[in-house]
Number of protein chains: 2
Amino acid sequence: MREEATAFVPGHITGFFSAHPDEDPTKAGSRGAGLTLTDGVELTVEPATGDESSVVLNGTEINIDPVVTVLETLDATARVEADAELPIGAGFGISGAMALGTALAGNRVFERKLSMNELVTIAHGAEVQAGTGLGDVVAQAHGGVPIRLEPGGPQDNHLDAIPERARVEYVSFGGLSTADVLSNDTDQLTAAGKQALSRVVEEPTLLSFMYASRLFAREAELLTERVTETIADVSAVDGQASMAMLGETVFALGTGLSDAGYDPSVCATHPAGAMLR
Amino acid sequence: MREEATAFVPGHITGFFSAHPDEDPTKAGSRGAGLTLTDGVELTVEPATGDESSVVLNGTEINIDPVVTVLETLDATARVEADAELPIGAGFGISGAMALGTALAGNRVFERKLSMNELVTIAHGAEVQAGTGLGDVVAQAHGGVPIRLEPGGPQDNHLDAIPERARVEYVSFGGLSTADVLSNDTDQLTAAGKQALSRVVEEPTLLSFMYASRLFAREAELLTERVTETIADVSAVDGQASMAMLGETVFALGTGLSDAGYDPSVCATHPAGAMLR
């Protein structure tokens with residue numbers, strides 16, 4: 001057993017998606033596309049001193065089901081300490097990042113000798129089971145600008161990617177509950193998500209991704225007033241912005257939000273997937 | 001059309017492999033595992049000023065079939081200028097890197113709007129057709145320490161990875177012709193490659209990868225005298241070394257070669273796959 005291991009997992013903004021439930025959480029998930037971000041979660045796992053696992057995020061002890069499930073699957077009692085450079089609960093895939101980072105670093109600390117796909121499957125299944133996300137984990141394991149052509153973990157899904165990089169700006173006004181949105185009727189959302197995916201498969205560029213994402217947000221009726229206004233402000237200065245799924249968050253390519261007079265956080269797409277430090 | 005675009009593609013050392021021919025070069029390829037490297041190829045594509053494409057590697061104009069095929073597939077007449085930080089023709093996947101880098105940067109310059117998988121398929125097919133490699137391109141598109149579970153391009157293959165990173169040292173005594181080795185009877189090589197893959201799938205760690213690679217090099221009868229001696233020197237100081245497929249090159253984890261008194265090049269595994277700069 002090692003003393004500790006540290007992993008970095010990029011944040012992930014989903015531009016659009018369709019939900020695909022399945023009884024097996026490793027086969028359930030979503031289709032869609034998004035941006036992985038240089039802003040993410042840095043997470044250290046060490047063996048617990050007592051009999052119980054604990055999870056600390058940005059200095060505060062929290063309860064987070066996907067991480068607990070990952071640790072149980074690894075048969076590990078650990079202390080997990082994470083720092084997120086991103087707003088929490090606002091559509092950046094923090095829970096997925098914590099699940100995946102715990103799997104990666106936990107595998108190393110407890111010498112479980114699992115493969116990358118096995119670790120991603122564990123983290124994806126834990127996240128789906130907890131209802132905190134459907135596609136973040138597989139995207140965060142991939143890096144770049146992943147297109148999720150099929151739902152599920154690495155044994156089932158099929159990924160492609162948009163071969164581009166970009167500076168990314170974002171502002172967040174708060175959270176939306178993934179669980180709440182997904183517990184509603186998702187037929188309209190899924191129809192809009194499939195249409196958006198067709199468009200991006202047809203033309204896998206960042207510009208077409210942003211266009212498809214905006215259309216999806218409107219057709220799935222997920223836009224809030226502040227988000228609508230902010231996207232319009234960016235459009236007014238010829239920028240490209242859309243809404244992060246699911247949060248009251250607007251992201252833009254390049255200097256879209258700055259040009260529109262906002263004071264955004266600035267990062268970029270992350271070329272690599274989750275990695276040990 | 002853009003003025004130019006630059007891509008970086010990590011080098012790739014194959015530890016072991018089995019060859020899987022197919023009439024369709026996008027389905028042909030190899031199974032196996034290897035290390036992608038922070039030492040690699042940086043490559044710039046710009047539209048040609050005349051009617052013909054040209055390729056320059058480390059300041060010298062060269063003929064390199066996979067790059068020509070990629071440019072033809074992209075319907076592009078271009079000048080490709082590449083710098084390799086690695087020995088050429090010595091088992092580091094330079095030709096694969098040049099094919100993939102040309103696909104990525106060429107797609108951007110000539111605005112072909114292809115997806116990452118489409119670009120990887122084009123580069124992989126061009127490399128297989130030219131006989132210069134079987135698995136480097138898909139590994140170089142993935143990054144990290146990829147395990148190639150199935151041969152072929154992204155539509156057909158299935159990748160996993162060893163979730164570790166390492167410092168990597170290497171010394172090269174010269175080249176071996178991939179085409180020559182592959183034109184011989186490859187039955188013994190393929191049997192050894194399958195056995196090595198089983199071992200690494202069973203235990204996906206760097207240590208088991210190095211062990212499987214050494215066994216493969218011996219059983220496939222690819223070891224030269226200098227390579228055998230060097231690997232033995234590293235073993236004598238409790239280091240882990242093996243032979244790069246296919247070159248007269250020895251690579252080691254950590255400080256294996258330095259500890260044995262060699263003066264190696266030093267790099268590390270590369271967490272990301274090929275990327276635009």
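Definitions and cut-offs
Residues numbered from 1 in each chain as written. Chains lettered and ligands numbered in written order. Predicted model: local features only at pLDDT ≥ 70, side-chain atom pairs only at ≥ 80, totals over all residues. Heavy atoms only, no water. Helix = DSSP H or I, 4+ residues; strand = E, 2+ residues; numbered from the N terminus. Buried < 20%, exposed > 50% of the residue type's maximum accessible area, 1.4 Å probe, protein only. Contact = heavy atoms within 4.5 Å. Salt bridge = Lys/Arg side-chain N within 4 Å of Asp/Glu carboxyl O. Least-squares fit on C-alpha atoms with pLDDT ≥ 70 in both. Pairing = 2+ DSSP bridges. Axes fitted to C-alpha atoms, helices over the stretch in contact; angles between N-to-C directions. UniProt positions renumbered as here; feature names shortened; annotations may be inferred. Polar contact = N/O pair within 3.5 Å; in protein donor to acceptor, adjacent residues only side chain to side chain. Phe/Tyr/Trp six-rings, centres within 6.5 Å; stacked < 30°, edge-to-face > 60°. Expected span 1.5 Å × (residues − 1). Arc of directions from axis to C-beta. Left-handed = near helix turned anticlockwise from the far one by under 90°. Nonpolar A, V, L, I, M, F, W, Y, C, P; charged D, E, K, R; others polar.

1. Observations regarding the side chain of T269 of chain B
Residue and element names in this part refer to chain B.
- With respect to the element layout, T269 can be found in the loop between β11 (265-268) and β12 (275-276).
- For T269, a relative accessible area of 4% corresponds to the buried category.
- Beyond its immediate sequence surroundings of up to four residues, T269 is in contact with L35, T36, T38, V145, E164, R165, A166 and V168.

2. Looking at the pattern of salt bridges
- According to the stated counting rule, one finds 18 salt bridges over all chains in the structure shown.
- A salt bridge links E164 of chain A to R108 of chain B, with the nearest nitrogen and oxygen atoms 3.7 Å apart. Residue E164 of chain A is found in the loop between β7 (158-161) and β8 (167-175), and its partner R108 of chain B is found in helix α2 (residues 94-109); the two belong to separate chains.
- Judged by relative accessible area, R108 of chain B falls into the partly exposed class, the value being 26%.

3. Details of the relation of the copies chain B and chain A
- Between chain B and chain A, which share one sequence, the superposing operator has a rotation angle of 180° and an axial displacement of 0.0 Å; the RMSD is 0.0 Å. Such a combination of rotation and displacement between the chain copies is what one expects of a two-fold axis. Taking the C-alpha atom as reference, chain B places A272 of chain B closest to the rotation axis, 2.1 Å from it.
- A share of 100% of the interface residues of chain B reappears at the interface of chain A, consistent with the copies meeting face to face through the same patch.

4. A short note on the sheet that holds strand β11 (residues 265-268) of chain A
Residues and elements named next belong to chain A.
- Spatial strand order, β9-β10-β8-β11: four strands in an open sheet with antiparallel pairing. Taken across any chain shown, the strands that pair with only one partner, and hence form the sheet edges, are β9 (241-243) and β11. Across the sheet, the mean angle from the axis of one strand to that of its neighbour is 30°, orientation sign disregarded.
- Where β8 lies against strand β10 (residues 247-253), seven bridges are found, and the strand directions are antiparallel.

5. Digging into the UniProt feature "domain: GHMP kinase N-terminal" (unreviewed entry) in chain A
- With numbering matched to this structure, UniProt assigns "domain: GHMP kinase N-terminal" (unreviewed entry) to residues 76-144 of chain A.
- Secondary structure content for residues 76-144 of chain A is 55% helix and 10% strand, while the C-alpha to C-alpha distance between its ends is 31 Å.

6. Concerning the interface of chain B and chain A
- In this complex, chain B contributes 26 residues to the contact, which on the side of chain A involves 26 residues.
- Where chain B meets chain A, there are four salt bridges.
- Seen at the junction of chain B and chain A, the total is 14 residue pairs in polar contact (both at pLDDT 80 or more).
- If you list the elements that add at least two residues to the side of chain B that touches chain A, you get α2, α3 (116-130), β7 (158-161) and β12 of chain B.
- Element by element, the count of residues in the side of chain B that touches chain A is highest for β7 of chain B, at four residues.

7. Re the packing of aromatic side chains
All names here are of chain A.
- Tallied over the full model, the rule gives 10 aromatic pairs over all chains.
- When the centroid spacing of 6.2 Å and the interplanar angle of 45° are considered together, the rings of F16 and F209 count as tilted. Taken together, the residues F16 in strand β1 (residues 5-20) and F209 in helix α7 (residues 206-219) connect sequence positions 193 residues apart.
- Three or more aromatic residues joined by ring pairs form one cluster here, namely F16, F17, F209, F216 and F251.

8. Some remarks on the pairing of strand β5 (residues 78-84) of chain B
Residue and element names in this part refer to chain B.
- Here β5 shows a clear split, with A78, V80, A82 and A84 buried on one side and none of R79, E81 and D83 buried on the other.
- Across seven bridges, the pairing between strand β2 (residues 29-47) and β5 is antiparallel. Looking at the pairing, T44 lines up with E81 of β5.
- As paired elements, strand β3 (residues 54-57) and β5 share four bridges and run parallel to each other. Pairing of L57 across the sheet is with A82, part of β5.

9. A word on the sheet that holds strand β8 (residues 167-175) of chain B
All names here are of chain B.
- Taking strand neighbours across the sheet as the criterion, the four strands line up as β9-β10-β8-β11 in an open arrangement whose pairing is antiparallel. Of all strands in the sheet, those with a lone pairing partner are β9 (241-243) and β11, marking the two edges. Going across the sheet, the axis of each strand differs from the next one's by a mean of 30°, ignoring polarity.
- Lying on the sheet, helix α7 (residues 206-219) is in contact with β9 and β10 (247-253); it crosses β9 at an angle near 45°.
- In this fold helix α8 (residues 225-236) packs onto β8, β9 and β10, with an angle of close to 10° to the strand it touches most, β10.

10. Points about the environment of E42 of chain A
Residues and elements named next belong to chain A.
- Structurally, E42 can be placed in strand β2 (residues 29-47).
- What makes E42 partly exposed here is its relative accessible area of 30%.
- Sequence separation of E42 and A161 is 119 residues, and the distance between their C-alpha atoms is 24 Å.
- When neighbours within four sequence positions are excluded, E42 is seen to be in contact with T6, A7, F8, E81, A82, D83 and R277.

11. Let's talk about the environment of D259 of chain A
- Mapped onto the fold, D259 of chain A is located in helix α9 (residues 256-259).
- Linking D259 of chain A and V234 of chain A, residues 25 residues apart in sequence, is a C-alpha distance of 7.4 Å.

12. Comments concerning helix α6 (residues 187-202) of chain B
Residues and elements named next belong to chain B.
- With 16 residues, α6 extends 23 Å between its outermost C-alpha atoms, agreeing within 8% with the 22 Å of an ideal straight helix rising 1.5 Å per residue.
- Three or more residues of α6 are buried, namely L189, T190, A192, G193, A196, L197 and V200. Buried residues of α6, seen end-on, are gathered within an arc of 160° and therefore sit on one face of the element. Turned more than 90 degrees off the buried face of α6, the exposed positions are D187, Q195 and E202.

13. Focus: the environment of E221 of chain B
- Looking at where E221 of chain B falls in the secondary structure, it is placed in the loop between α7 and α8.
- By relative accessible area, E221 of chain B is classed as exposed at 60%.

14. Digging into the packing of α2 of chain B against α3 of chain B
Residues and elements named next belong to chain B.
- Running from N to C, α2 and α3 cross one another at 140°; their axes reach a closest spacing of 9 Å. Seen along the crossing, α2 lies across α3 with a hand that is right-handed. Note on element contacts: α3 touches α2 through M116, L119, V120, A123 and E127, opposite S95, G96, A99, L100, A103, L104 and N107.
- Class assignment for the residues of the contact of α2 with α3 results in eight nonpolar, three polar and one charged.

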